[in-house]
Amino acid sequence: MQGQKDIPQELKDGNWYYFAGSTLRYRDGHADVPIVSWDGDELDRDAPRLGDEWDDDVRVLLLEK
């Protein structure tokens, strides 16, 4: 995967990181939140529903303006 060297080391700890400031909203009204986790040699991406239960290995990434 090109650009892997650009992925911050902090994201390579095996935890899921939620980007709560980047909510994806669908026409039917439900919202998803983009998440990433390092999976050995690549970034695993997903976008679960905002209302889903969060596990205790979840980290929320707060971005500065």
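Above this text you will find the structure in question.
Residues numbered from 1 in each chain as written. Predicted model: local features only at pLDDT ≥ 70, side-chain atom pairs only at ≥ 80, totals over all residues. Heavy atoms only, no water.

### What to know about the overall build of the protein chain
Put simply, the test is: Helix numbering and strand numbering both begin at the N terminus, where a helix is a DSSP run of H or I of at least 4 residues and a strand a DSSP run of E of at least 2. To be clear on the numbers: accessible area is Shrake-Rupley with a 1.4 Å probe, and residue cover counts the displayed protein chains and nothing else.
Along its length, the protein chain carries zero helices and six strands. Along the protein chain, helices and strands appear, N-terminal first, in the series β-β-β-β-β-β. Working note: accessible area of the protein chain is about 5200 Å², and carbon and sulfur atoms make up 45% of it.

### A short note on the packing of aromatic side chains
Using the following cut-off: Centres within 6.5 Å make a pair out of two Phe, Tyr or Trp rings, where for Trp the six-membered ring is used; the pair is then stacked when the planes are under 30 degrees apart, edge-to-face when over 60, and tilted otherwise. Should the NZ of a Lys or the CZ of an Arg lie within 6 Å of a ring centre and within 35 degrees of the ring normal, that charge is described as sitting over the ring.
Counted according to the given criterion, the structure contains zero aromatic pairs. Seen from the ring of tryptophan 38, lysine 12 lies directly overhead, with NZ or CZ sitting 4.6 Å from the centre.

### What about the nonpolar core?
For clarity, the cut-off: The term nonpolar core refers to a set of buried residues drawn from Ala, Val, Leu, Ile, Met, Phe, Trp, Tyr and Cys, joined through side-chain atoms within 4.5 Å. Residue burial is assigned from relative accessible area. The probe radius is 1.4 Å, only protein chains are included, and a residue is buried under 20% of its type maximum, exposed over 50%, and partly exposed in between. Contacts between residues were defined by any pair of non-hydrogen atoms, one from each residue, lying within 4.5 Å.
Counting seven residues, the largest nonpolar core consists of Ile7, Leu11, Tyr17, Phe19, Val36, Trp38 and Leu43. Discounting residues that sit within four places of it in the chain, isoleucine 7 has contacts with Lys12, Trp38 and Leu43.

### Focus on the pairing of strand S4 (residues 35-38)
Looking along a regular strand, one sees the side chains alternate between the two faces of the sheet. Where we set the bar: Here, strands pair whenever DSSP counts at least two bridges between them.
Residues Ile35 and Ser37 line one face of S4 and the alternating positions Val36 and Trp38 line the opposite face, and both faces are buried. When strand S1 (residues 16-18) meets S4, the two strands line up antiparallel, connected through two bridges. For tyrosine 18, the partnering residue across the bridge sits in S4 and is isoleucine 35. Between S4 and strand S5 (residues 43-46), which follow one another and run antiparallel, lie four residues, and glycine 40 among them has a positive phi close to 80°.

### With respect to the environment of serine 37
Threshold: Here a polar contact means two N or O atoms within 3.5 Å. Within protein one must be a hydrogen donor candidate and the other an acceptor candidate, and residues neighboring in sequence count only if both atoms are side-chain atoms.
Looking at the secondary structure, you find serine 37 in strand S4. Classification of serine 37 by relative accessible area gives buried; the value is 6%. A C-alpha to C-alpha distance of 4.7 Å links serine 37 and tryptophan 16, two positions 21 residues apart in sequence. Ignoring sequence-local partners within four residues, the contact set of serine 37 consists of Gly14, Asn15, Trp16, Glu42, Leu43 and Asp44. From its side chain, serine 37 meets the backbone oxygen of asparagine 15 in a polar contact 3.2 Å long.

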